[in-house]
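# Descriptive structure summary
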Amino acid sequence: MKIFIIVFLLYVLGGLYLYFIQERKVFQRHFAKIYTPIIAKEIEFVTSDGIKLKGAYLENKKNAPLVLYFSGNANNAIEFVDKIAPKLKNYNFIAFNYPGFANSEGKPSEES
(Lines give C-alpha, C1' and ligand atoms only; values in the text may rest on other atoms or scores of the structure.)
Protein backbone atom coordinates (compact mmCIF):
# COMPACT_ATOMS: atom_id res chain seq x y z
CA MET A 1 0.00 0.00 0.00
CA LYS A 2 2.91 2.37 0.76
CA ILE A 3 4.30 1.88 -2.74
CA PHE A 4 0.91 2.72 -4.27
CA ILE A 5 0.67 5.92 -2.21
CA ILE A 6 4.23 6.95 -3.16
CA VAL A 7 3.61 6.29 -6.86
CA PHE A 8 0.29 8.16 -6.69
CA LEU A 9 1.91 11.16 -4.97
CA LEU A 10 4.73 11.22 -7.55
CA TYR A 11 2.12 11.11 -10.32
CA VAL A 12 0.15 14.00 -8.80
CA LEU A 13 3.30 16.06 -8.16
CA GLY A 14 4.51 15.42 -11.71
CA GLY A 15 1.15 16.57 -13.09
CA LEU A 16 1.22 19.72 -10.96
CA TYR A 17 4.79 20.46 -12.04
CA LEU A 18 3.84 20.17 -15.72
CA TYR A 19 0.77 22.32 -15.19
CA PHE A 20 2.79 25.16 -13.68
CA ILE A 21 5.59 25.11 -16.29
CA GLN A 22 3.43 24.54 -19.37
CA GLU A 23 3.58 28.19 -20.46
CA ARG A 24 7.39 28.15 -20.43
CA LYS A 25 7.42 24.94 -22.47
CA VAL A 26 4.89 26.13 -25.07
CA PHE A 27 6.11 29.74 -25.44
CA GLN A 28 9.89 29.48 -25.50
CA ARG A 29 10.63 33.21 -25.47
CA HIS A 30 14.19 32.80 -24.23
CA PHE A 31 15.25 31.68 -27.74
CA ALA A 32 13.87 34.87 -29.36
CA LYS A 33 16.62 37.29 -28.37
CA ILE A 34 16.32 41.03 -28.95
CA TYR A 35 17.78 41.91 -32.34
CA THR A 36 18.44 45.34 -33.84
CA PRO A 37 18.17 45.27 -37.65
CA ILE A 38 21.02 46.45 -39.81
CA ILE A 39 19.42 46.35 -43.28
CA ALA A 40 15.68 46.33 -42.55
CA LYS A 41 13.73 49.24 -41.09
CA GLU A 42 12.43 48.67 -37.57
CA ILE A 43 8.71 49.40 -37.22
CA GLU A 44 6.10 49.27 -34.48
CA PHE A 45 2.43 48.29 -34.38
CA VAL A 46 0.07 49.06 -31.49
CA THR A 47 -2.71 46.51 -31.02
CA SER A 48 -6.29 47.39 -30.07
CA ASP A 49 -5.47 46.63 -26.43
CA GLY A 50 -2.43 48.95 -26.41
CA ILE A 51 0.38 46.39 -26.75
CA LYS A 52 3.35 47.55 -28.85
CA LEU A 53 4.62 44.89 -31.22
CA LYS A 54 8.08 45.40 -32.70
CA GLY A 55 8.69 44.43 -36.28
CA ALA A 56 10.68 45.14 -39.39
CA TYR A 57 10.07 46.14 -43.00
CA LEU A 58 12.33 45.47 -45.94
CA GLU A 59 11.77 46.78 -49.44
CA ASN A 60 13.87 44.73 -51.82
CA LYS A 61 12.23 45.95 -55.01
CA LYS A 62 9.67 48.65 -55.89
CA ASN A 63 6.14 47.29 -56.52
CA ALA A 64 7.17 43.74 -55.62
CA PRO A 65 4.68 41.51 -53.77
CA LEU A 66 4.63 42.02 -50.01
CA VAL A 67 5.17 38.97 -47.82
CA LEU A 68 3.71 39.15 -44.33
CA TYR A 69 6.01 36.91 -42.31
CA PHE A 70 4.89 35.25 -39.08
CA SER A 71 7.78 33.74 -37.19
CA GLY A 72 7.36 30.50 -35.36
CA ASN A 73 7.67 29.95 -31.66
CA ALA A 74 11.13 30.78 -30.29
CA ASN A 75 12.08 32.88 -33.31
CA ASN A 76 12.71 36.57 -33.90
CA ALA A 77 10.87 37.88 -36.97
CA ILE A 78 13.05 40.99 -37.15
CA GLU A 79 16.18 38.87 -37.47
CA PHE A 80 14.59 36.89 -40.33
CA VAL A 81 13.69 40.07 -42.22
CA ASP A 82 17.17 41.46 -41.71
CA LYS A 83 19.25 38.37 -42.51
CA ILE A 84 17.23 36.07 -44.80
CA ALA A 85 14.75 38.35 -46.61
CA PRO A 86 17.44 40.43 -48.41
CA LYS A 87 18.39 37.26 -50.31
CA LEU A 88 14.86 36.96 -51.75
CA LYS A 89 15.12 39.94 -54.09
CA ASN A 90 11.72 39.63 -55.82
CA TYR A 91 9.71 40.19 -52.64
CA ASN A 92 9.27 42.84 -49.97
CA PHE A 93 8.82 41.73 -46.36
CA ILE A 94 7.06 42.90 -43.24
CA ALA A 95 7.06 40.99 -39.96
CA PHE A 96 6.21 41.46 -36.30
CA ASN A 97 7.19 39.55 -33.20
CA TYR A 98 4.41 37.99 -31.19
CA PRO A 99 3.49 39.59 -27.84
CA GLY A 100 6.18 38.85 -25.26
CA PHE A 101 8.75 37.68 -27.80
CA ALA A 102 12.03 39.52 -28.39
CA ASN A 103 11.35 43.23 -27.80
CA SER A 104 7.56 43.18 -28.24
CA GLU A 105 5.46 44.07 -25.22
CA GLY A 106 2.82 41.85 -23.70
CA LYS A 107 2.60 38.30 -22.51
CA PRO A 108 2.43 35.34 -24.86
CA SER A 109 -0.76 33.34 -24.69
CA GLU A 110 -3.12 31.43 -26.93
CA GLU A 111 -5.42 34.44 -27.09
CA SER A 112 -2.73 36.99 -27.99
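### So, a nonpolar patch on the surface
Judged by side-chain polarity, Met-1, Phe-4, Ile-5, Phe-8, Leu-9, Tyr-11, Val-12, Leu-13, Leu-16, Tyr-19 and Phe-20 come together as a nonpolar surface patch covering roughly 1300 Å² of accessible area. Counting through the fold element by element, Phe-8 comes out in helix 1 (residues 2–26). Residue Phe-8 is classed as partly exposed on the basis of its relative accessible area, which comes to 46%.

### Notes on the pairing of strand 2 (residues 52–58)
Consecutive side chains of a regular strand alternate in pointing toward one face of the sheet and then the other. Judged from the six bridges that link them, strand 1 (residues 41–46) and strand 2 form a sheet pairing that is antiparallel. Across the sheet, Lys-41 pairs through a bridge with Tyr-57, a residue of strand 2. Counting the residues between successive antiparallel strands, the hairpin from strand 1 to strand 2 contains five residues, one of them, Gly-50, with a positive phi of roughly 85°. With four bridges joining them, strand 2 and strand 4 (residues 92–96) adopt antiparallel strand pairing. Within strand 4, the residue paired with Gly-55 across the bridge is Phe-96.

Procedures and definitions
- Residues numbered from 1 in each chain as written.
- Predicted model: local features only at pLDDT ≥ 70, side-chain atom pairs only at ≥ 80, totals over all residues.
- Heavy atoms only, no water.
- Patch = residues over 30% accessible without salt bridge, like charges linked within 9 Å, V, L, I, M, F, W, Y side chains within 5 Å.
- Areas by Shrake-Rupley, 256 points an atom, 1.4 Å probe, with all protein chains shown as cover.
- Salt bridge = Lys/Arg side-chain N within 4 Å of Asp/Glu carboxyl O.
- Helix = DSSP H or I, 4+ residues; strand = E, 2+ residues; numbered from the N terminus.
- Buried < 20%, exposed > 50% of the residue type's maximum accessible area, 1.4 Å probe, protein only.
- Pairing = 2+ DSSP bridges.

Shape descriptors only; they carry no functional weight alone.
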